Amino acid sequence: MIQRTLSILKPDATDRNITGEINGMIEAAGFRIIAQKRVLITLDQARKFYEVHKERPFYDDLCAFLSSAPTVVQVLEKENAINDYRTLMGATNPASADEGTIRKRFAPSIDKNSVHGSDSPENAAIEIKFFFSETEIVG
């Protein structure tokens, strides 16, 4: 089944100018990038986006990081997109990530782990709508 998932190339990736390299890995893995934009997420937007984590001790730092510099938000599409993208991203902690994953190759730390991906079809739909209108998604 063809699925869509949200991908965020986080501030540490845009700061290091490696978004093209990451997207090369994404496309080489068979994903189509069907919507994309570079945005500066405000702290309020980051808090709303990561609201599911508001009770966790890392919430404030996560929101501050996401709003610290531009990000690239995009919609990816392919069969089994959600699970396949999470596999391609690798473990949250790059030290534990498998070889050949985005985080193993690019993420400098668990806090600056370069990418975000939706974790379920329900969250993918919510996250995609957070950043994109239907007219911005061109499949």
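This structure is a prediction, so every number in the text was calculated from the model and none was measured.

Quick look at the nonpolar core now. Soluble, globular proteins show a tendency: their nonpolar side chains are buried together. By size, the foremost hydrophobic cluster in this structure holds 19 residues, and its most contacted members are F131 and F132. Of all elements in the fold, only strand 1 (2-9), strand 2 (32-39), helix 3 (43-49), helix 4 (59-66), strand 3 (71-79) and helix 7 (121-131) reach the threshold of two or more residues within this core. Looking at this core, the element that brings in the most residues is helix 4, giving four residues. Counting 16 residues, the second largest nonpolar core, distinct from the first, contains A13, I18, L88 and I102.

What follows concerns the side chain of E77. Mapped onto the fold, E77 is located in strand 3. A polar contact of 3.1 Å, which involves the side chain of E77, links it to the side chain of R4. Setting aside residues no more than four positions away along its own chain, E77 makes contact with I2, Q3, R4, G30, F31, R32 and I34.

What follows is about the pairing of strand 3. The element strand 3 is extensively covered by neighbouring structure, given that eight of its nine residues are classed as buried. In this structure, strand 1 lies alongside strand 3, joined through eight bridges in antiparallel fashion. Paired with I2 across the bridge in strand 3 is E79. Bridge count between strand 2 and strand 3: seven bridges; the pairing is antiparallel. Within strand 3, the position partnered with Q36 by the bridge is Q74.

What counts, and where the lines are drawn
Residues numbered from 1 in each chain as written. Predicted model: local features only at pLDDT ≥ 70, side-chain atom pairs only at ≥ 80, totals over all residues. Heavy atoms only, no water. Core = buried A, V, L, I, M, F, W, Y, C linked by side-chain atoms within 4.5 Å. Buried < 20%, exposed > 50% of the residue type's maximum accessible area, 1.4 Å probe, protein only. Helix = DSSP H or I, 4+ residues; strand = E, 2+ residues; numbered from the N terminus. Polar contact = N/O pair within 3.5 Å; in protein donor to acceptor, adjacent residues only side chain to side chain. Contact = heavy atoms within 4.5 Å. Pairing = 2+ DSSP bridges.

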